[in-house]
Amino acid sequence: MKTKFSLVIFLGLFLSVLSGCGSSSNTNTQEVEFWTMQLQPQFTQYFSSLNSNFEQDRESTIRWVDIPWSAMESKILTAISANTAPDVVNLNPNFASQLATRNAWLDVDEVISPQQKDTYLPRIWQASSLEICQDDSCESTTFGIPWYLTTRVTIYNQQLLEQVGIVEPPQTYEKLAIAAKQIKAKTGKYAFFVTFVPGDSGEVLESLVQMEVTLLDEEGKAAFNTPEGIAAFRYWVDLYQQKLLPPEVLTQGHRYGVELYQGGEIAFLSSGAEFLEAIATNAPTIAKVSATAPQITGQTGKKNVAVMNLAIPRNTDKPEEALNYALYVTNTENQLAFAKAANVLPSTKEAVEKYIQELSTQETITPVEEARKVSAMQLQDAEVLIPAMDNLQVLQKVIYENLQAAMLEEKTVEQAVKDAAAEWDASL
């Protein structure tokens, strides 16, 4: 009995030692938790391969968690507050900037080299930078590393333009107004649709920036009550009052414009390159006569870009590995592969060059690929037109509502601009 009992104790101690050795070994392996927005299951294989390659020869593993678009903001807010945030998270600069003002993110500029920073498109890098002011001092912080991008292009109905005699689609708002008059006079149709519904597309708000309007000053107060601001308001008011915009621009969102284009009722649609695939499915007849041109802009020549970045919570206990992984996901090779898989654009200089070169050297190119090429080629002029700020929806609301009032002749253009500026300043 003694022998048997001693053997049991020995085996227990032996297994305990083995278990302890295993724990000691596992302690050296770090798990990096990575959150993305609605990329499963379409890109499960891509990330499985990506993460497997990263884990080779490293003492770290990647735990990938995919969050639905609608749930991400609430989940990351809760996680940051509870100090249970992931080590790397995929967000857009506008929302990430709101948490940056709470000192939630690692300042990337402090932990990467100038050479690493220089690999990214400079205007895109700037999209994840913010100046935070407290008391009498202001400090700049970069709260994210650029990942993938999208820019709008102009999808146009070649057949409708031929009927009117327009040789090339307009590339400026000034020429767009001229085309709108020609199309309405000869066909009775509208040139385009843009929404003035608060909370929907920000295209009109961005158009003000493209028309040389400064929205806010350095203190965050309204800076658009200027001759440039009045001229930009008047541009949209005149188009509406001359009946060159569908009346539904005051009540319907961007989706209605898509329906009008697919129904052959408007000549131009501002959208992403990938939307040509949806048109081919929903309106094959219109798809056959559709082509792509650069995004319409104002006197500045600026073009819109939407950015997705990778942010690292300041309280991560694995900052070095988190940074290594974020740089790995966004390096040229991996960005190029993801851009092709997801029909988006990369954000490193080299990846953009290779992306354009590959499309340019193909013997045949599909309409969607041509649209992607146009989209990529305008990245040199592209930037986030509305900088990261708190209460962006409030700014859009006061501008859109006062534009509507001027369109309906409830206010003069000058009064609408003045009232919008006053309402914004009062909200601060």
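All of these numbers come straight from a predicted model, not from anything done at the bench. (Residues numbered from 1 in each chain as written. Predicted model: local features only at pLDDT ≥ 70, side-chain atom pairs only at ≥ 80, totals over all residues. Heavy atoms only, no water.)

*Asks:* How would you sum up the packing of helix α8 (residues 173–187) against helix α10 (residues 227–241)? Please name residues and give values.
*Replies:* Direction vectors running N to C along α8 and α10 enclose 10°, while the axes themselves pass 11 Å from each other. Between α8 and α10, the angle is such that the two are roughly parallel. Contacts between α8 and α10 pair Tyr-173, Leu-176 and Ala-177 from the former with Tyr-235, Trp-236 and Leu-239 from the latter. Among the residues making up the contact of α8 with α10, the classes are represented as six nonpolar, no polar and no charged. (Axes fitted to C-alpha atoms, helices over the stretch in contact; angles between N-to-C directions. Helix = DSSP H or I, 4+ residues; strand = E, 2+ residues; numbered from the N terminus. Parallel < 35°, antiparallel > 145°, perpendicular 65-115°, else oblique. Contact = heavy atoms within 4.5 Å. Nonpolar A, V, L, I, M, F, W, Y, C, P; charged D, E, K, R; others polar.)

*Asks:* Can you explain the environment of Glu-410? Please cite residues and give values.
*Replies:* Within the element layout of this structure, Glu-410 appears in the loop between α18 (392–407) and α19 (413–427). Linking Glu-410 and Arg-234, residues 176 residues apart in sequence, is a C-alpha distance of 14 Å.

*Asks:* Describe the side chain of Glu-369, with residues and values.
*Replies:* Turning to its location among the elements, Glu-369 is positioned in helix α17 (residues 367–377). Arg-372 provides the closest opposite charge to the buried, salt-bridge-free Glu-369, at an N-O distance of 5.0 Å. Glu-369 has contacts with Leu-359, Gln-362 and Thr-364, leaving out every residue within four places of it along the chain. (Buried < 20%, exposed > 50% of the residue type's maximum accessible area, 1.4 Å probe, protein only. Lys, Arg positive; Asp, Glu negative; His and termini not counted. Salt bridge = Lys/Arg side-chain N within 4 Å of Asp/Glu carboxyl O.)

*Asks:* Provide a residue-level description of the environment of Thr-195, including the pertinent values.
*Replies:* Take Thr-195: it is sitting in the loop between α8 and α9 (203–210). Non-local contacts of Thr-195, meaning those with residues more than four positions away in its chain, are made with Asp-200, Ser-201, Val-204, Val-249, Gln-252, Gly-253, His-254 and Tyr-400. Among the polar contacts made by the side chain of Thr-195, one reaches the main-chain amide nitrogen of Val-197 at a distance of 3.0 Å. Within the local environment of Thr-195, its side chain forms a polar contact with the backbone oxygen of Gln-252, the two atoms lying 2.7 Å apart. (Polar contact = N/O pair within 3.5 Å; in protein donor to acceptor, adjacent residues only side chain to side chain.)

*Asks:* So, the packing of α10 against α19: which residues are in play, and what are the values?
*Replies:* Interhelical geometry of α10 versus α19 gives an angle of 120° and a closest axis separation of 9 Å. Classified by the angle between their axes, α10 and α19 sit oblique to one another. Crossing of α10 against α19: the hand is right-handed. Residues Gly-229, Ile-230, Phe-233, Arg-234 and Val-237 of α10 pack against Val-413, Glu-414, Ala-416 and Val-417 of α19. The class makeup of the residues in the contact of α10 with α19 is six nonpolar, one polar and two charged. (Left-handed = near helix turned anticlockwise from the far one by under 90°.)

*Asks:* With reference to specific residues and values, describe the sheet that holds strand β7 (residues 152–157).
*Replies:* Across the sheet, which stays open at both edges, the three strands sit in the order β8-β7-β9 with antiparallel pairing between neighbours. Each of the sheet's edge strands pairs with one partner strand only, and the pair in question is β8 (268–272) and β9 (290–293). Here the average twist between neighbouring strands, direction ignored, is 35°. For β7 and β9, the ladder comprises four bridges, and the chain directions are antiparallel. Bridging from a neighbouring strand, Ile-155 pairs with Thr-292 of β9. (Pairing = 2+ DSSP bridges.)

*Asks:* Just give me the short version of helix α3 (residues 69–81), but keep the residues and values in it.
*Replies:* Of the positions making up α3, those classed as buried are Ala-71, Met-72, Ile-76 and Ala-79. Contacts from the buried residues of α3 go to β1 (30–37), β2 (60–67), β3 (88–91) and α4 (93–100). Asn-83, located one to two residues past α3, shows a positive phi value of around 60°.

*Asks:* Lay out the nonpolar core in plain terms, naming residues and giving numbers.
*Replies:* If you look at the biggest cluster of nonpolar residues, it comprises 76 residues, and the most contacted ones within it are Phe-196, Leu-215, Trp-236, Phe-268 and Ile-399. Aside from chain neighbours lying at most four places away, what touches Leu-215 is Leu-205, Leu-208, Val-209, Lys-221, Ala-222, Ala-223, Phe-224, Ile-386, Leu-395 and Ile-399. Ranked by size, the runner-up nonpolar core spans 67 residues in total, among them Trp-147, Val-307, Leu-336 and Ala-382. (Core = buried A, V, L, I, M, F, W, Y, C linked by side-chain atoms within 4.5 Å.)

*Asks:* Lay out the packing of aromatic side chains with the relevant residues and their values.
*Replies:* Here the structure, examined in full by the defined rule, presents 22 aromatic pairs. Ring geometry for Phe-54 and Tyr-325: centres 5.1 Å apart, planes at 75°, overall edge-to-face. Of the two residues, Phe-54 sits in helix α2 (residues 44–55) while Tyr-325 sits in helix α14 (residues 319–329), which places them 271 residues apart along the sequence. Assigned by exposure class, Phe-54 and Tyr-325 land together as buried. Feature note: the residues Phe-34, Phe-43, Tyr-46, Phe-47, Phe-54, Trp-64, Trp-147, Tyr-148, Tyr-325, Tyr-328 and Phe-338 constitute an aromatic cluster, connected by ring pairs. (Phe/Tyr/Trp six-rings, centres within 6.5 Å; stacked < 30°, edge-to-face > 60°.)

*Asks:* Which residues make up the environment of Ile-124, and what values go with them?
*Replies:* Mapped onto the secondary structure, Ile-124 falls in helix α6 (residues 122–126). A residue is classified by how much of its surface remains accessible, and Ile-124, at 1% relative accessible area, is buried. Apart from the residues within four sequence positions on either side, Ile-124 is in contact with Pro-146, Leu-149, Val-305, Val-307, Ser-347 and Ala-382.

*Asks:* With reference to specific residues and values, describe the pairing of β1.
*Replies:* Within β1, six of the eight residues are buried, which leaves it mostly tucked inside the rest of the structure. Pairing analysis gives eight bridges linking β1 to β2, with the strands arranged parallel. Considered in β2, the bridge of Trp-35 is made with Val-65. Once you follow β1 into α2 and on to β2, the crossover reads as right-handed. As paired elements, β1 and β3 share two bridges and run parallel to each other. (Right-handed = clockwise from strand over helix to strand, strands pointing away.)

*Asks:* Requested: an account of the pairing of β7, with residues and values cited.
*Replies:* Burial runs high along β7: six of the six residues are buried. Side chains of β7 alternate between two faces, with Arg-152, Thr-154 and Tyr-156 and Val-153, Ile-155 and Asn-157 buried alike.

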